[in-house]
Amino acid sequence: MAGVRISNLRKQYKIGAQTIHALKDTNLLIPEGSFTTIVGKSGCGKTTLLRLLCGLEEPSGGEIEFTFMNTGNRIGKKPVGIVFQESRLMPWLTVKENMAFPLFKMKNKREIDEIVEKYLHIMGLEKFKNAYPSQISGGMAQRTAVGRTLCYNPEIILMDEPFAALDYFTRKNLQEEMVKLFLSQGKTIIFVTHNVEEAVYLGEKIIVFSEGQVIMEHCVPLSYPRQSNNLDFVNIKEEILDVITGSQTKKLHT
Ligand SMILES: Nc1ncnc2c1ncn2[C@@H]1O[C@H](COP(=O)(O)OP(=O)(O)OP(=O)(O)O)[C@@H](O)[C@H]1O
């Protein structure tokens, strides 16, 4: 298992003569095997953080350090997989072939088959394994994308608003699946969302970003599965909404 230590992380972009400070001196500790949700208004730097974590962008300053329980020979390999808002499946491959894609370097076909069948089962996609992306629903496509990442078996799963484009019921269903997956697989999950209810439903810890900075870290003292109509749930949600909308500007470490 792996976690992440982020120290004084900065990212600047240039647009013409303008400098955009997408991330300003961010410090975070993401423990191994934890579920962290990140919320904040549009443009506050959430996606930038994920892009830096998975190596799609280079930081302008600061450090990202992956912390391993068992250092062994893993140093040098980024232990992350990412799920985007869109499933990004290959349309010419079936559900099963899409999920098997990250395993293309493996030689043993039977081993590949075992891994893919396992995650087809976990994601409830066995009946659709031979379907093409154009033949499945948006929820199934996202489940295929999550399954593909699980086949790759990263230590840390980054999720960038993976359920944002889905309808309410599919989204609720996939949120429940995520909790089950977290409890059964013990992966480190970093999940970006606009939706505060989703953040409280999923996260052991919620991190609130504003203008490229962490303005709140809140541990959620509720066990899984959570009920969104529970009073404590509602109170946490309200508190976080207040911080995002600026009714409170405080830095909490609970
Ligand atoms: N490639 C880029 N070039 C220039 N500016 C960028 C680039 N990528 C992001 N930015 C800027 O960095 C800031 C943070 O963007 P980012 O995408 O991380 O925000 P976000 O919180 O994920 O927003 P959203 O919730 O809308 O996806 C924004 O001001 C954005 O315009």
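What counts as what
Residues numbered from 1 in each chain as written. Predicted model: local features only at pLDDT ≥ 70, side-chain atom pairs only at ≥ 80, totals over all residues. Heavy atoms only, no water. Helix = DSSP H or I, 4+ residues; strand = E, 2+ residues; numbered from the N terminus. Buried < 20%, exposed > 50% of the residue type's maximum accessible area, 1.4 Å probe, protein only. Contact = heavy atoms within 4.5 Å. Near = heavy atom within 4 Å. Nonpolar A, V, L, I, M, F, W, Y, C, P; charged D, E, K, R; others polar. Pairing = 2+ DSSP bridges. Axes fitted to C-alpha atoms, helices over the stretch in contact; angles between N-to-C directions.

J.: Got a sec to walk through the side chain of threonine 67? Specific residues and values, please.
T.: Structurally, threonine 67 is set in strand S4 (residues 61-68). Of the residues examined, threonine 67 reaches a relative accessible area of 17% and is grouped as buried. Those residues within four positions of threonine 67 in sequence are excluded, and the remaining contacts are Met1, Ala2, Gly3, Val4, Arg5 and Glu32.

J.: Before we move on, can you summarise the site of the ligand with the specific residues and values?
T.: Around the ligand, a shell composed of 14 residues is seen, among which Ser42, Gly43, Lys46, Thr47 and Thr48 lie nearest. Elements represented by at least two residues in the shell around the ligand include exactly strand S1 (2-15), strand S2 (18-30) and helix H1 (46-53). Residue classes in the shell around the ligand are distributed as five nonpolar, six polar and three charged.

J.: Can you lay out the environment of phenylalanine 128 for me, pointing to particular residues and giving the numbers?
T.: As for its placement among the helices and strands, phenylalanine 128 is situated in the loop between helix H3 (109-122) and helix H4 (138-152). Assessed through its relative accessible area of 31%, phenylalanine 128 is described here as partly exposed. Residues in contact with phenylalanine 128, not counting those within four places in the same chain, are Val95, Ile136 and Met140.

J.: Describe the sheet that holds strand S9 (residues 213-219), naming the residues involved and giving the relevant values.
T.: Strand order in this open sheet of six strands is S5-S6-S7-S3-S8-S9, and the pairing throughout is mixed. Edge positions in the sheet fall to strand S5 (80-83) and S9, since each has one partner strand and no second. Recorded for the sheet is a direction-independent mean angle of 20 degrees between the axes of neighbouring strands. Pairing of S5 with strand S6 (residues 156-160), which is carried by four bridges, proceeds in the parallel orientation. Bridge pairing in S6 links isoleucine 82 to leucine 158. Its contacts with the sheet place H1 against strand S3 (35-40), S5, S6, strand S7 (188-192) and strand S8 (205-210), and it is angled at close to 150 degrees to S6. Against the sheet, H4 makes contact with S5 and S6, and its axis sits at roughly 175 degrees relative to S5, the strand it touches most.

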